[in-house]
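The residues making up each chain are set out below.
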Amino acid sequence: PMEIRIAQIRDSEAIRDIYNNEVSSGTATFDLTPRTADEQREWLSERSGAHVVLVAEINEEVVGFASLSRYQKRPAYNTTVEDSLYVHPDHQGKGIGLAMLTALIEKASEHGFHTIIARISGESAGSIATHERAGFEEVGREKQTGRKFGRWLDVVVMQRFINSS
């Protein structure tokens, strides 16, 4: 069975492995340089409280992670967050992403956020579909805003409202 829980510093290396695989071989992130162990621990340490990181674990192995991050630094954006969602390639297509995203939406609601923004590579059809199943809708497309592996990449902007007050 899968468990979704708050990430702990001991999960840093597993998160880094999943993320760096996408840096070196995928387009879910536009990062071009793999994270070091220190950078990953710092990233995880910066995300606590309302800006949470969740991990999905199967048989005590971290198979995915999801996070809420500050959307923009200006104070008027404080009730908006951006999500990130990564599943290890060996575990994709099994509903893990949707389960983590659903748990992340619950955390966003608990923490009083109004809306979640997802910025997804146009090539990430699985992530776009997962976000749609979780109630996100496409609100825009940034054309050719990233360049990776010698090609231009679009960013699909999706949004889901949480609290209406």
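As shown above, the structure is provided for reference.
All of the points below concern the structure found in this document. (Residues numbered from 1 in each chain as written. Predicted model: local features only at pLDDT ≥ 70, side-chain atom pairs only at ≥ 80, totals over all residues. Heavy atoms only, no water.)

### What to know about the environment of Ser-121
- With respect to the element layout, Ser-121 can be found in strand 5 (residues 115-121).
- Those residues within four positions of Ser-121 in sequence are excluded, and the remaining contacts are Thr-27, Phe-30, Ile-128 and Asp-154. (Helix = DSSP H or I, 4+ residues; strand = E, 2+ residues; numbered from the N terminus. Contact = heavy atoms within 4.5 Å.)

### Re the pattern of salt bridges
- In total, this model carries 11 salt bridges according to the counting rule given.
- As a salt-bridge pair, Arg-10 and Asp-11 come within 4.0 Å of each other at their nearest N and O atoms.
- Residue Arg-10 is classed as exposed on the basis of its relative accessible area of 57%.
- The exposure class of Asp-11 is buried, given its relative accessible area of 3%.
- Connected via shared salt-bridge partners are Arg-5, Arg-10, Asp-11 and Glu-57. (Salt bridge = Lys/Arg side-chain N within 4 Å of Asp/Glu carboxyl O. Buried < 20%, exposed > 50% of the residue type's maximum accessible area, 1.4 Å probe, protein only.)

### Here we look at the packing of aromatic side chains
- In the structure shown here, the tally under the stated rule is four aromatic pairs.
- Plain terms: the ring middles of Trp-43 and Phe-65 are 5.9 Å apart, the flat faces sit at 75° to each other, and that makes the pair edge-to-face. Separated by 22 residues along the polypeptide, Trp-43 in helix 2 (residues 37-46) and Phe-65 in strand 3 (residues 61-70) bring together distant segments of the chain. Accessibility classification places Trp-43 together with Phe-65 in one group, the buried group.
- On the numbers, 5.1 Å between centres and 20° between planes, the contact of Phe-65 with Tyr-86 is stacked. On the criterion of sequence distance, the pair formed by Phe-65 in strand 3 and Tyr-86 in strand 4 (residues 80-87) is long-range, its members being 21 residues apart. (Phe/Tyr/Trp six-rings, centres within 6.5 Å; stacked < 30°, edge-to-face > 60°.)

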